[in-house]
Amino acid sequence: ARTLEFLGVKEKDKIPLFVGNSIEYIVALLGIQKLGAIAVPINTFLKEDEVAFIVNDVEATLMIASSNLANSIKNIRKKTNIKKIKGQNKSRNFS
C-alpha cells in the first residue's frame, strides 16, 4: 500500500491489475483495497487491444503488471493514458 501511495494512488482511483494468478496479485489487490482504490482485474489471456480498451474505459493512469508481460505492456501503453506501470515479479518498474 505504501508503494502505491508513493506513486500517487488515492481513494477511488481505478488501478488495472494485469497480473497472473500469483501471490503478487493478492498483495497488489490488498494494497489497492487498503488505500480505498478500486482494483480492475484484467485477464492475462486478453489481446492487447482488449486490454487497452479496458484501461481506457476506466481512465487509469497507473497499472500494475507482471514483468513477464513486458512486450504486451509496451504496446498497451502506447494505446492508453498510462503514465506509470508498476511491475510485479522482481519489483521491476516499467515507467
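The rules behind each value
Position labels on residues start from 1 in each chain and follow its written sequence. Thresholds applied to this predicted model are a pLDDT of at least 70 for local features of residues and 80 or more for the giving and counting of side-chain atom pairs; totals over whole chains, interfaces and linings are not thresholded and use all residues. Calculation of side-chain values draws on the structure's entire complement of heavy atoms; hydrogens and water are dropped beforehand. Pairs of strands are assigned from DSSP output, requiring at least two bridges between the strands. Elements are defined by DSSP. Helices are runs of H or I of four residues or more, strands are runs of E of two residues or more, and each kind is numbered from the N terminus. Helices are assigned an expected span. That span is 1.5 Å times one less than the residue count. Using a 1.4 Å probe on the protein chains alone, a residue whose accessible area is under 20% of its type maximum counts as buried, one over 50% counts as exposed, and one in between counts as partly exposed. The arc refers to the directions leading from the helix axis to the C-beta atoms. One side-chain nitrogen of Lys or Arg within 4 Å of one carboxyl oxygen of Asp or Glu is enough to make a salt bridge. The contact criterion used is simple: two residues touch if any of their non-hydrogen atoms lie within 4.5 Å. We define a polar contact as two N or O atoms separated by no more than 3.5 Å, with the added condition that, inside protein, one atom must be a possible hydrogen donor and the other a possible acceptor, whereas residues neighbouring each other in sequence contribute only through side-chain atom pairs.

### Some remarks on the pairing of strand 2 (residues 38-41)
Moving on, step 1. Looking at chain direction, strand 1 (residues 14-18) and strand 2 are connected through four bridges and run parallel. Counted as the bridge partner of Ile15 is Ala39 from strand 2.

### A word on helix 2 (residues 23-34)
Moving on, step 1. The first and last C-alpha atoms of helix 2 sit 17 Å apart over 12 residues, in line with the 16 Å expected at 1.5 Å per residue.
Moving on, step 2. Taken as a whole, helix 2 has its buried residues at Ala28, Gly31 and Ile32. Along the axis of helix 2, the buried residues cluster in a sector spanning 100°; they form a single face. Across helix 2 from its buried face, at more than 90 degrees, point the exposed residues Ile23, Leu30 and Lys34.
Moving on, step 3. With its phi angle positive at about 80°, Gly36 sits one or two positions after the end of helix 2.

### Looking at helix 4 (residues 70-78)
Moving on, step 1. Of the residues making up helix 4, those classed as buried are Ala70, Ile73 and Ile76. Each buried residue of helix 4 sits inside an arc of 120° when the element is viewed along its axis, so together they form one side. Opposite the buried face of helix 4, by more than 90 degrees, sit the exposed residues Asn71 and Lys78.

### Quick look at the pattern of salt bridges
Moving on, step 1. Going through the model one piece at a time under the given rule, you end up with two salt bridges.
Moving on, step 2. Between Glu5 and Arg2 there is a salt bridge, with its nearest N and O atoms 3.1 Å apart. Placement of the pair is Glu5 and Arg2 together in helix 1 (residues 2-6), with a separation of three residues, close to one helical turn.
Moving on, step 3. Across the pair Lys79 and Asp49 runs a salt bridge, and its minimum N-O distance is 2.6 Å. Pair noted here: Lys79 is in the loop between helix 4 and strand 4 (84-88) and Asp49 is in helix 3 (residues 48-57), with a separation of 30 residues, a long-range link.

### Details of unusual backbone geometry
Moving on, step 1. With a phi close to 70°, Lys12 is a non-glycine residue in the positive phi region.
Moving on, step 2. One can find Lys12 in the loop between helix 1 and strand 1.
Moving on, step 3. Positive phi, normally seen in glycine, also occurs at Glu59, with a value near 55°.
Moving on, step 4. Within the secondary structure, Glu59 sits in the loop between helix 3 and strand 3 (62-66).
Moving on, step 5. On the basis of relative accessibility, which here comes to 66%, the residue Glu59 falls in the exposed class.

### Thoughts on the environment of Thr80
Moving on, step 1. Here Thr80 lies in the loop between helix 4 and strand 4.
Moving on, step 2. For Thr80, a relative accessible area of 11% translates into the label buried.
Moving on, step 3. A sequence separation of 72 residues divides Thr80 from Gly8, and the C-alpha atoms of the two residues are 18 Å apart.
Moving on, step 4. Filtering out sequence-adjacent residues up to four positions away, Thr80 remains in contact with Ala52, Val55 and Asn56.
Moving on, step 5. A polar side-chain atom of Thr80 sits 3.3 Å from the main-chain amide nitrogen of Ile82.

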